[in-house]
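# Architecture and fold: a report
Letter by letter, the chains look like this.
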Amino acid sequence: VTMVLTAFGFYGMKRVTSPGARFALADLPGKTARVYQRIPTGGTGVVQVTVHGMLREVQAISADGKEIGSSTEVKIDRVVDDAVVAVRPLSVTRS
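The following paragraphs examine the structure supplied in this document. It should be emphasised that the depicted structure is a prediction, and the values quoted were computed from it without experimental measurement.

### Focus: the nonpolar core
Formed by 15 residues in total, the largest nonpolar core has its most connected members in Leu28, Val47, Val85 and Val87. Those elements that provide at least two residues to this core are β1 (32–37), β2 (44–51), β3 (54–62), β4 (73–79) and β5 (84–89). Here this core gets 3 residues from one element, more than from any other, and that element is β2. With residues near it in sequence (within four places) discarded, Leu28 still touches Phe23, Val49, Val51, Val58, Ile76 and Val85.

### Comments concerning the pattern of salt bridges
Applying the stated criterion across every chain, the model contains 3 salt bridges. For Glu67, the salt bridge identified is with Arg38, shortest N-O distance 3.7 Å. Placement of Glu67 in the loop between β3 and β4 and of Arg38 in the loop between β1 and β2 is noted, with a sequence separation of 29 residues between them. Residue Glu67 is classed as partly exposed on the basis of its relative accessible area of 47%. Of the residues examined, Arg38 reaches a relative accessible area of 41% and is grouped as partly exposed.

Conventions used here
- Within each chain, residues carry numbers counting from 1 in the order of the written sequence.
- Reporting in this predicted model follows two pLDDT cut-offs: at least 70 for local features of residues, and 80 or more for side-chain atom pairs to be given and counted; totals over whole chains, interfaces and linings ignore these cut-offs and use all residues.
- Excluding hydrogens and water, the side-chain values take into account all heavy atoms of the structure.
- By nonpolar core we mean a set of buried residues, namely Ala, Val, Leu, Ile, Met, Phe, Trp, Tyr and Cys, connected to one another through side-chain atoms within 4.5 Å.
- With a 1.4 Å probe rolled over the protein chains alone, any residue whose accessible area is under 20% of its type maximum counts as buried; one over 50% counts as exposed, and the rest are partly exposed.
- A run of H or I in DSSP becomes a helix once it reaches four residues, and a run of E becomes a strand once it reaches two; helices and strands are each numbered from the N terminus.
- Contacts: residue pairs with any heavy atoms within 4.5 Å of one another.
- Salt bridges are identified by distance alone: a Lys or Arg side-chain nitrogen within 4 Å of an Asp or Glu carboxyl oxygen.

Laid out in structure tokens, this is it:
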């Protein structure tokens, strides 16, 4: 009996999520984001993007394969797969 009540409780909590709790990567191209974890040359990092008023973290690669440092503002270029987006820096900075 306890297990059944617990299962119904979890089912009910899933239905009470806000619209920002769920999002599709397909909605991200064209949005501006900020690099949270640097994107190494040919590697993967993390960007933060606001979706439906909520800050989300998404795995990202550089669209041109070059390193992008932390805190760089980027534009999401395209969706690579079901968990990764490709990004481009909004402006080129000199080191």
